[in-house]
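Residue-level listing of the chains:
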Amino acid sequence: QEGPFDGGWGATLLARVTAEHLELLDAPPVLIASDSTPVPYSSVLEDAWLPTQLRIAETTEKLVRY
């Protein structure tokens, strides 16, 4: 998600799925999100703050290997 881990829609979704359907999951849910800092104004810093394709791919590979 393009936002911090805390209080975002992704965290809420994972909490609900885990609470209601934990037995259906084959691997622990993982939230890929931005750092827990304010959104930077500079475009260079914003690009570093947002989740990247590489970070998403690496996290996906870890889940598949789980």
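Residues numbered from 1 in each chain as written. Predicted model: local features only at pLDDT ≥ 70, side-chain atom pairs only at ≥ 80, totals over all residues. Heavy atoms only, no water.

A.B. asks: What exactly am I supposed to notice about the overall build of the protein chain here?
C.D. replies: What the protein chain contains, in helices and strands, is three helices and zero strands. Moving toward the C terminus, one meets the helices and strands of the protein chain in the order α-α-α. Computed over the C-alpha atoms, the radius of gyration of the protein chain is 14 Å, more than 25% above the 11 Å expected from 2.2 N^0.38 for a compact globule of 66 residues. Along the first, second and third principal axes, the C-alpha set of the protein chain runs to 45 × 25 × 10 Å. Partitioning the contacts of the protein chain with sequence separation of at least 6, the portion at a separation of at least 24 is 53%. Surface summary for the protein chain: the accessible area is close to 5200 Å², and the carbon and sulfur share equals 61%. (Helix = DSSP H or I, 4+ residues; strand = E, 2+ residues; numbered from the N terminus. Rg over C-alpha atoms; globule rule 2.2 N^0.38 Å. Contact = heavy atoms within 4.5 Å. Areas by Shrake-Rupley, 256 points an atom, 1.4 Å probe, with all protein chains shown as cover.)

A.B. asks: Could you clarify how one ought to interpret the pattern of salt bridges in this entry?
C.D. replies: Once the charged atoms of two side chains with opposite charge are near each other, the side chains can pair. Summed over the entire model, instances satisfying the criterion amount to one salt bridge. Note that arginine 16 and glutamate 20 form a salt bridge whose closest N and O atoms lie 3.2 Å from each other. Here arginine 16 and its partner glutamate 20 are both found in helix α1 (residues 9–21), four residues apart, which amounts to about one turn of the helix. (Salt bridge = Lys/Arg side-chain N within 4 Å of Asp/Glu carboxyl O.)

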